[in-house]
Amino acid sequence: MSVETGTDPVTDSTEVNDETATAASAKGDTAPGTARAPDAGPAPSSVTMTKALNHALRDSLADDDTVLVFGEDVGRLGGVFRVTEGLRAEFGSNRVWDSPLAESGIIGTAIGMAMNGMRPVVEMQFDAYAYPAFEQIVSHVAKMRNRTKGRVSLPITIRIPYAGDIGGVEHHSDSSEAYWTSTPGLTVITPSNPADAYSLLRESIASDDPVVFMEPKSRYWMKETLSLPVSTAPMNRAQVIREGTDATLLAYGPTVRTALDSAEAGAEHGLSIEVIDLRTLSPFDDETVSESVRKTSRAAIIHEAAQFGGYGAEVAARLTERNFPYLSAPILRVAGFDVPYPSPKLEEFYLPTVERVLDALESWDWEL
Amino acid sequence: MSVETGTDPVTDSTEVNDETATAASAKGDTAPGTARAPDAGPAPSSVTMTKALNHALRDSLADDDTVLVFGEDVGRLGGVFRVTEGLRAEFGSNRVWDSPLAESGIIGTAIGMAMNGMRPVVEMQFDAYAYPAFEQIVSHVAKMRNRTKGRVSLPITIRIPYAGDIGGVEHHSDSSEAYWTSTPGLTVITPSNPADAYSLLRESIASDDPVVFMEPKSRYWMKETLSLPVSTAPMNRAQVIREGTDATLLAYGPTVRTALDSAEAGAEHGLSIEVIDLRTLSPFDDETVSESVRKTSRAAIIHEAAQFGGYGAEVAARLTERNFPYLSAPILRVAGFDVPYPSPKLEEFYLPTVERVLDALESWDWEL
Amino acid sequence: MTIDVPTTGRSLPQLQPISFIGADGRLTDTPTEGLRIPSDATLTGLYRQMVLVRRFEAQVTHLTRQGRLATYPSAAGQEAAEVGATTALAPNDWLFPTYRDSAALLTRGVPVAEILAAFRGDWHCGFDPHEYHASPAATPLATQTLHATGFAMAAKLKGEDAATLTFLGDGASSEGDTHEAFNFASVWQTPTVFVLQNNQYAISTPLREQTNATMLADRAAGYGMPGLRVDGNDVAAVFAAVAAALARGRNGDGPTLIECLTYRMESHTNSDDPTKYRDAEEVEHWKQFDPIDRLERYLRQTGALDDSTVAEVAEAAETLAASVRDAMNQEAEVDPRELFAHVYATPRAALAEEQQVLEAELAAAGHA
Amino acid sequence: MTIDVPTTGRSLPQLQPISFIGADGRLTDTPTEGLRIPSDATLTGLYRQMVLVRRFEAQVTHLTRQGRLATYPSAAGQEAAEVGATTALAPNDWLFPTYRDSAALLTRGVPVAEILAAFRGDWHCGFDPHEYHASPAATPLATQTLHATGFAMAAKLKGEDAATLTFLGDGASSEGDTHEAFNFASVWQTPTVFVLQNNQYAISTPLREQTNATMLADRAAGYGMPGLRVDGNDVAAVFAAVAAALARGRNGDGPTLIECLTYRMESHTNSDDPTKYRDAEEVEHWKQFDPIDRLERYLRQTGALDDSTVAEVAEAAETLAASVRDAMNQEAEVDPRELFAHVYATPRAALAEEQQVLEAELAAAGHA
Ligand SMILES: Cc1ncc(C[n+]2csc(CCOP(=O)(O)OP(=O)(O)O)c2C)c(N)n1
Ligand SMILES: Cc1ncc(C[n+]2csc(CCOP(=O)(O)OP(=O)(O)O)c2C)c(N)n1
Ligand SMILES: [Mg+2]
Ligand SMILES: [Mg+2]
């Protein structure tokens, strides 16, 4: 699996998000290398995350008649990020279709379909636009199985393009993961690279638990050379994507890149930094992460969402509870500021940068 | 200010919540004593939290013509918990009225009224029923001021009866505070006793920031002997309500009682436990709490909501970040289990009890 | 302008509610929109079932007053809508009830103890939805209307000969979800029947503060969906209208909205105090429209019912009441460990840890 | 049955859209529901403003393609609805626009740079809502309809002589909030005019997958609210209908729904690809209904417009375009410190700390 620099999405007008892409800059990437070597299969080719997701949907639709894809603009247009491109043409409008514009309606009807044996995969166009469906997600999707003593399961996958760094206007760059991770009953997954995007989405669709599948918008145009189908580490497991001994950086989705870059920069200062891609936010993979933290004795979690009450709080709290005697410094959080997500010209100041991560690392007393 | 045992609400049919109260047991209480001595005023009398809240609404309506009270059943009925009892009769249906049954509609129209100079105080009947209004709260109430560079403020108070321990059927016992505290732009307040209920609600209504005002249902029938109006410690400040030297228990709303009882029980084991009533969840009063934690070197936060991603995670994470060298044990969380809130017969097993708090205290290595 | 629009059947419902049997027990001359009165045999069955559910409601309300149930919302007075609509369902159809619709679940064949488990506080949903083709009774208002729509959509996609029926209240009609369900059902032409029980109140809020429309059935036209207004206390009219709508749906002709005009004779739940918002005379007034009285009178006139059948039915009702008492006087077995059993299909290590905490607490407290 | 209902004006809108000036520039013989054609002077003003906003839209779209703005949703083709409706507002009235309604804001007098700040990415809302009596343009669909309703309710309660006007799209009509706004406005009889711009598409989703109704104006009857269907490309009809509705509202007669049939000539935003979902012929077809052409022809017939005025208006449009270029070619000053300035009215210590973090980062990076 080799790695290419992403192309600027702006140059390819059919491949871009229709609301925000003009201002987006493609993030050139090294793939963090979580994919297992593919079995003998199609020849490797260069695959963006959107293409990998598209492929996963196509393969799930082909393998299982009960898989349905619907939502706003996912049919003819193929989604504003083109993740569902071509699926309506291939599988017909009884399998893939445009719904009326109402998110509570999309989730609510998906619940009914799942009760009747289907596996709906629905898209919330941007994560602030999942909020109208909040009641259906929190009061029903998360609770139906428990409510019925396991008699009714809801194998629904809710795809949510999330996070910022694409020059999106207001309400187009939220990181809503904390709302979902603090809701018992939901499984919350977020890939950081094309291979994981494919593999985790397929597993999510196949899961009998409802999954909130969060797709990092700024990584959509990241490319990897890959043979699909690919099977990466299983869902519900975090993965060490760079080994180190001095500190552990935890990241997910869009900040995995930041963590790797920070580790690289740290190396120049003589620090050996381990990086873990969490991949699944709920459940949290205590085993993998605690093992690393006990080894390094220091950790920081990086995310785009505001720090206060963000997902990083849970990570820091539980790692401290479980590993207190092993820690030589508090678990730090490097996150967005505690303000609403800013307008495009200010997002560079809001987002956690390599500099902010390095500053945090420096704030530790390395003599401890 | 003396203290009485609450009466069983079931015996007084006009004073009870219409959906859940039959199974509710009144919580006999000692008042944690946060009220400042009232100035020369009306003679003290026995006041429940619902009465204190009712009084606060009445006084706010009387003092400020722009204060409006509306929502589901808050008019003629006086609210299912009778918090708005008598207000429609006293102030007329142009100030206090029953709205159509739609929570997004209630918050959305409150936003418009606030833009037009009003101070709406609205009720979400139970906290799971604030979820239909999630988008309006998160995308507008929290963000309007920032969006407009401070030109449009939304002085809205959203009253939410929350938490369990009242034998409520499904969706009537959620603790939704983490959703609001992880949203920048919201101030989140929760009183634990009648005096604070009065004082904090008045301050919330007077505040130019939108406030999510969370009323602990299981404390509604708690009584204190009190002269209203009363002015307690200001909002945005936590308060030490019992002094101690060995450990700090942090609690809010319904769990303040649990914390005090645990401190009492701890004393029998020779532990001197400090108890802090947080009162305001966002902003967090770092000053007061860190001071206590530095003194005791150990702390636990108690809440009803599920632990994973709960508000306690933020408390534990930030206290550790700020006070790491002073801690002799990890900040612990004693919370609900990571499952949907259970049905009435199981809630006693779900809720954090004095026993669970004491077990947590015991789990610390006191030799450290 | 050249907008292509479906204009068929564009009309508002007739003002006079469809009714076969008047309050006086005689046939009315109301236009019935092509519907025909059910056979005497069918009506006798409906009579029997209405008597049973009325006795059921009275018995459960009584037991709730005695404290055997946490809360109970009775549908006394609404038997014609509950029984007429539910009886029209075929076995393969699915019912999507609310908290108000225990009578419908009883009519659907769900055992008493399983219906009441939720209100006694044993577990959120006591029955197996797949066994009775009935979803858990929804408490978050209007949410179930979308589930019914989605379920019917799946049936349609699978080519199943099944329709869905959902109940909702006049209050619930104001929620956004109701609108979204009407719209999705009509755009997708799903076999869904919306039975809107307009019982004049949402807790304390009267219909005229819920809507300014002439009738709630007027909503249907805005979705290109047939709407009917039915005398909801005439079981013959309800049955005929719902049966025809279900047949329409199964026939591929899409959803129908049926507004049943009726009245809630009891308080909202046992702990409500209706004297705050409605007159005793109003309740008295509605007694003359009683659904059982009029049907009995009618069937005695046609000769389908005589004293001995009436006595036999009364006896069956007493037997049912006794079985309700028996069921509710037994203690339900609740196993605290089940808190963790049904939340996820995929086991979680952290939940297993929490279960151990609980097991230890149970052991310490001497629980089995 | 004795339900007391308002039955006045219970009817569906006429099928033919209200229109004064046909596509051929001649007076139509369409029934106009008592509305009268505006004076030539008014129409000349509307002509002028439509020409200006069309040039504005073209210029901004062009600058967006050049990368000067992050994204831009143009209302090209919809000038009659934008200008006709907004011009009907009195200064005291308030406008509640969406992202699509820059033309309305321009008509309302908001300076170009302040309108476009959001799309250039400077700040979420660039103007002072109180100065122009216009709320920030809403991106979360339909949410603003409730703000308009609440604002109007406050005006009514205060006895102010002001009405509100909100725009929404055919797609937004499917959201629950739209329903709640229609209902609240009609129950409360607020002076609110809902101008539904039915431009046939919600991004890629065509009207016929959005609704099964004959027309969206049919919704009004279900709320007991007048509904009108207007040729949205005839500015005379739009102006007359909206002016009459605003007068009705101010007169205490409640809200009105006005559906303007129109067409979005451009792509959804600059980065959309409409070839995926609509034919070039369809766009061609709609050109013959152009709102400006027909008005120009009409006014030339009446003699109100001649070559010199047309030339003068064209020149003014070029001047406007130049000012747009000037404004957008200037770099906007954005101060990163403002991230923290407007989130709360009450200062927060934790935000001040975060600001220090940012200041240090800025200093390190050599920012001013
Ligand atoms: C989303 C939501 N909001 C509020 C409530 C609280 N609540 C329970 S029943 C009720 C009134 C419902 O009235 P209606 O729909 O007319 O049904 P009815 O009780 O009359 O059968 C309310 C407000 C709820 N259950 N769900
Ligand atoms: C709640 C919400 N869901 C989804 C979106 C994403 N979105 C932006 S515009 C749009 C289509 C809106 O169509 P319509 O209401 O017809 O207005 P138009 O763009 O045609 O003016 C969508 C789906 C949004 N902004 N808000
Ligand atoms: Mg009702
Ligand atoms: Mg549109």
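Residues numbered from 1 in each chain as written. Chains lettered and ligands numbered in written order. Predicted model: local features only at pLDDT ≥ 70, side-chain atom pairs only at ≥ 80, totals over all residues. Heavy atoms only, no water.

Considerations on the coordination of the magnesium ion (ligand 3)
Residues and elements named next belong to chain C.
Part 1 of the reasoning: Coordination of the magnesium ion (ligand 3) by the protein is provided by D170 (OD), N199 (OD1) and Y201 (O), with metal-donor distances spanning 2.0 to 2.1 Å.
Part 2 of the reasoning: Read from N- to C-terminus, the donor residues coordinating the magnesium ion (ligand 3) fall into the pattern D-x28-N-x1-Y.
Part 3 of the reasoning: We classify Y201 as buried; its relative accessible area is 7%. (Donors = N, O, S within 2.8 Å, 3.2 Å for Na, K, Ca; no water. Buried < 20%, exposed > 50% of the residue type's maximum accessible area, 1.4 Å probe, protein only.)

Some remarks on the packing of aromatic side chains
Part 1 of the reasoning: For the structure on display, the rule yields 61 aromatic pairs over all chains.
Part 2 of the reasoning: Measuring from centroid to centroid gives 5.0 Å for C:Y263 and C:W286, while their planes differ by 10°, and the two rings are stacked. Here the residue C:Y263 occupies a position in the loop between strand 7 (256-261) and helix 9 (280-287), and C:W286 occupies one in helix 9, the gap between them amounting to 23 residues.
Part 3 of the reasoning: Under the relative-accessibility criterion, C:W286 is labelled buried at 4%.
Part 4 of the reasoning: Put simply, the rings of A:Y131, A:F134, A:Y179, A:W180, B:Y131, B:F134, B:Y179 and B:W180 pair up and form one aromatic cluster. (Phe/Tyr/Trp six-rings, centres within 6.5 Å; stacked < 30°, edge-to-face > 60°. Helix = DSSP H or I, 4+ residues; strand = E, 2+ residues; numbered from the N terminus.)

Concerning the interface of chain D and chain C
Part 1 of the reasoning: Counting from both sides, the interface comprises 44 residues of chain D and, opposite them, 45 residues of chain C.
Part 2 of the reasoning: Around 3,900 Å² of area is buried between chain D and chain C when both sides are counted, 57% of it from carbon and sulfur atoms.
Part 3 of the reasoning: Viewed at the interface, chain C and chain D are joined by two salt bridges.
Part 4 of the reasoning: Its salt-bridge partner being C:D218, residue D:R10 comes within 2.8 Å of it at the nearest N-O pair.
Part 5 of the reasoning: Scanning the region where chain D abuts chain C turns up 24 residue pairs in polar contact (both at pLDDT 80 or more).
Part 6 of the reasoning: When residues of the side of chain D that touches chain C are traced back to their parent elements, those giving at least two are helix 7 (176-188), strand 6 (227-231) and helix 9 (280-287) of chain D.
Part 7 of the reasoning: Grouping the constituent residues of the side of chain D that touches chain C by class yields 16 nonpolar, 18 polar and 10 charged. (Contact = heavy atoms within 4.5 Å. Buried area = accessible area lost by both parts, 1.4 Å probe. Salt bridge = Lys/Arg side-chain N within 4 Å of Asp/Glu carboxyl O. Polar contact = N/O pair within 3.5 Å; in protein donor to acceptor, adjacent residues only side chain to side chain. Nonpolar A, V, L, I, M, F, W, Y, C, P; charged D, E, K, R; others polar.)

Remarks on the UniProt feature "domain: Transketolase-like pyrimidine-binding" (unreviewed entry) in chain A
Part 1 of the reasoning: Mapped onto the present numbering, the UniProt feature "domain: Transketolase-like pyrimidine-binding" (unreviewed entry) falls on residues 47-222 of chain A.
Part 2 of the reasoning: In the segment residues 47-222 of chain A, helix accounts for 36% and strand for 17%; the C-alpha atoms at its two ends are 8 Å apart. (UniProt positions renumbered as here; feature names shortened; annotations may be inferred.)

Some details on the pattern of salt bridges
Part 1 of the reasoning: A complete count under the given rule lists 91 salt bridges over all chains for this structure.
Part 2 of the reasoning: Between A:R318 and A:D286 there is a salt bridge, and its shortest N-O distance comes to 2.8 Å. Pair noted here: A:R318 is in helix 10 (residues 311-323) and A:D286 is in helix 9 (residues 286-296), with a separation of 32 residues, a long-range link. Taken individually, A:R318 and A:D286 each receive the classification buried, so the pair is uniform in this respect.
Part 3 of the reasoning: Salt-bridge contacts for B:D261 lead to B:R257; the nearest nitrogen and oxygen are separated by 3.1 Å. Of this pair, B:D261 and B:R257 both sit in helix 8 (residues 255-268), separated by four residues, roughly a single helical turn.
Part 4 of the reasoning: A cluster of three or more residues bridged by salt bridges with shared partners is formed by A:D286, A:E314, A:R318, A:E321, A:R322, B:R333 and C:E353.

Section: the site of ligand 2
Part 1 of the reasoning: Around ligand 2, the structure places 22 residues, and the nearest of them are A:E103, D:Y99, D:R100, D:T139 and D:D170.
Part 2 of the reasoning: Near ligand 2, the surrounding residues are drawn from chains A, B and D.
Part 3 of the reasoning: D:Y99 has a polar side-chain atom sitting 2.8 Å from an oxygen atom of ligand 2.
Part 4 of the reasoning: Within the side chain of D:D170, one N or O atom sits 2.7 Å away from an oxygen atom of ligand 2.
Part 5 of the reasoning: By residue class, the composition of the shell around ligand 2 is nine nonpolar, six polar and seven charged. (Near = heavy atom within 4 Å.)

Considerations on helix 7 (residues 194-206) of chain A
Part 1 of the reasoning: With 13 residues, helix 7 of chain A should reach 18 Å at 1.5 Å per residue; the first-to-last C-alpha distance of 18 Å fits that figure.
Part 2 of the reasoning: Listed as buried for helix 7 of chain A are A:P194, A:A195, A:D196, A:A197, A:Y198, A:S199, A:L200, A:L201, A:S204 and A:I205. (Expected span 1.5 Å × (residues − 1).)

Considering the interface of chain C and chain B
Part 1 of the reasoning: Taken together, the contact pairs 48 residues of chain C with 45 residues of chain B.
Part 2 of the reasoning: Roughly 3,700 Å² is buried in total at the junction of chain C and chain B, and carbon and sulfur atoms are behind 57% of that figure.
Part 3 of the reasoning: Linking chain C with chain B are five salt bridges, by the criterion used here.
Part 4 of the reasoning: Counting only elements with at least two residues in the side of chain C that touches chain B, the list comes to helix 4 (112-120), strand 5 (205-206) and helix 12 (349-364) of chain C.
Part 5 of the reasoning: Element by element, the count of residues in the side of chain C that touches chain B is highest for helix 12 of chain C, at six residues.

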